[in-house]
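Fold and geometry: a report
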Amino acid sequence: MKKYLIFGNEGQLGKEFSHLLTNAEIEHYGYDLPAVDLFNYAQIDSVIKRHEPDIIINCAAFNNVDLAEFEYEAAYRTNVLGVDNLVRLCEKNDIKLVHFSTDYVFNGIKRFPGLYDEDDIPDPVNNYGRTKLEGEKLIQENLENFLIFRLSWLYGKGEQNFIHKLLTWAKDTKILKIANDELSVPTSTRLVAEISLKAINNNLTGLFHLTNTGYASRFDWAKEVFEIMEIKQIIYPAKVLDFALPAKRPNFSAMSNKKIAEKLQIEIPFWKDELARFLKAQFIDDNLPQEHKYKRLKNEIGFHEL
Ligand SMILES: NC(=O)c1ccc[n+]([C@@H]2O[C@H](COP(=O)([O-])OP(=O)(O)OC[C@H]3O[C@@H](n4cnc5c(N)ncnc54)[C@H](OP(=O)(O)O)[C@@H]3O)[C@@H](O)[C@H]2O)c1
């Protein structure tokens, strides 16, 4: 059986991979900061020597889109130089590299309207997107045995995602303002980890867009979260520019998952169905009577309905 090494295993996607591999009783090892820094060639080399993996899953990234505008060098160190270290060591040790990139490699103004596919030309509009694109190129130019999955609006267990932020804002704010002019695809870590492992098992290589199906604005996404959870929360449609964020975002960066779905002959769930499944598993206990349904959520983040 193949042996896996995960970098960034404490992040939301890394945790999902560890969970799936543990459940499947597949041998795997995980590292994160501060034990192993992707920028440190010797540290990566040492854990590769220790575990001799067949596959490296790289979930580590400098992921803070706004901070990357002020800390370009730090983003570059992880997203480009760190990936360069992985590329060199994967080539040297004949290891398959599975890496994740982003819809933010696109500028959001697609020449022919539609979802972005793998043949569309990237043109990032912020530092995060620029560094992630350079990381992709290093892999494509130097390795043959690789998988790159471009993801968007990732959510899973944990706090580093829009759903957690939304529920936390809702706790303190009666009326939320959420952008309705930023569109992409909410995508669960469960989906990404399951399909990535399927692609590995099918010996796929290359670049794929991997998202749930359909697309939404942040406003649609927020509304759906509250609807599924039967929480009465007022949300106002706003514009991205209202928030004066440091990093520019593409307005429409939704990607098509057609290529990976066809290669694996699978149907990828619609984003709303995936979201309902996630929220129910996380927060809603169907065995409880209706009035206690959100007990876990209320206990966890102290949410108050209007
Ligand atoms: N989150 C999204 O919405 C989204 C969207 C599109 C694509 N992606 C891509 O999906 C992948 C996984 O994202 P995620 O949401 O799971 O990220 P995450 O939760 O932020 O996890 C990333 C992990 O990498 C670690 N890390 C950062 N710099 C490192 C370094 N130099 N060396 C080793 N580890 C380092 C982080 O540690 P610290 O927490 O200590 O920094 C963190 O544990 C990334 O490639 C990301 O670019 C994410």
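Basis of the calculations
- Residues numbered from 1 in each chain as written.
- Predicted model: local features only at pLDDT ≥ 70, side-chain atom pairs only at ≥ 80, totals over all residues.
- Heavy atoms only, no water.
- Near = heavy atom within 4 Å.
- Polar contact = N/O pair within 3.5 Å; in protein donor to acceptor, adjacent residues only side chain to side chain.
- Areas by Shrake-Rupley, 256 points an atom, 1.4 Å probe, with all protein chains shown as cover.
- Helix = DSSP H or I, 4+ residues; strand = E, 2+ residues; numbered from the N terminus.
- Nonpolar A, V, L, I, M, F, W, Y, C, P; charged D, E, K, R; others polar.
- Axes fitted to C-alpha atoms, helices over the stretch in contact; angles between N-to-C directions.
- Parallel < 35°, antiparallel > 145°, perpendicular 65-115°, else oblique.
- Left-handed = near helix turned anticlockwise from the far one by under 90°.
- Contact = heavy atoms within 4.5 Å.

The full set close to the ligand counts 24 residues, and Asp32, Asp37, Asn63, Tyr128 and Lys132 are the nearest of them. In this structure, an oxygen atom belonging to the ligand sits 2.8 Å away from a side-chain N or O atom of Lys132. The contact in question runs from an oxygen atom of the ligand to an N or O atom on the backbone of Leu154, over 3.0 Å. For the ligand, the protein covers 80% of the area, taking 900 Å² as the surface of the free molecule. Among the elements of the structure, helix 1 (12-23), strand 4 (96-102) and helix 5 (127-142) are those that each provide at least two residues to the shell around the ligand. The biggest single contributor to the shell around the ligand is strand 4, with three residues. Here the residues of the shell around the ligand are counted per class, giving twelve nonpolar, eight polar and four charged.

Between helix 4 (residues 72-93) and helix 5, whose axes approach to 9 Å, the crossing angle comes to 10°. Overall, the two elements helix 4 and helix 5 adopt an arrangement that is roughly parallel. When the axes of helix 4 and helix 5 are compared, the crossing they make is right-handed. Residue-level contacts link Tyr72, Ala75, Tyr76, Asn79, Val80, Val83, Asp84, Val87 and Glu91 of helix 4 to Asn127, Tyr128, Thr131, Lys132, Glu134, Gly135, Leu138, Ile139 and Asn142 of helix 5. Class assignment of the residues belonging to the contact of helix 4 with helix 5 gives a composition of nine nonpolar, five polar and four charged.

Mapping Asn127 onto the fold places it in helix 5. Along the backbone, Asn127 and Pro113 are 14 residues apart, and their C-alpha atoms lie at a distance of 25 Å. Those residues in contact with Asn127 that sit more than four places away from it in its chain are Ala68, Glu69 and Tyr72. Of note is the side chain of Asn127, whose polar atom sits 2.7 Å from the side chain of Arg130.

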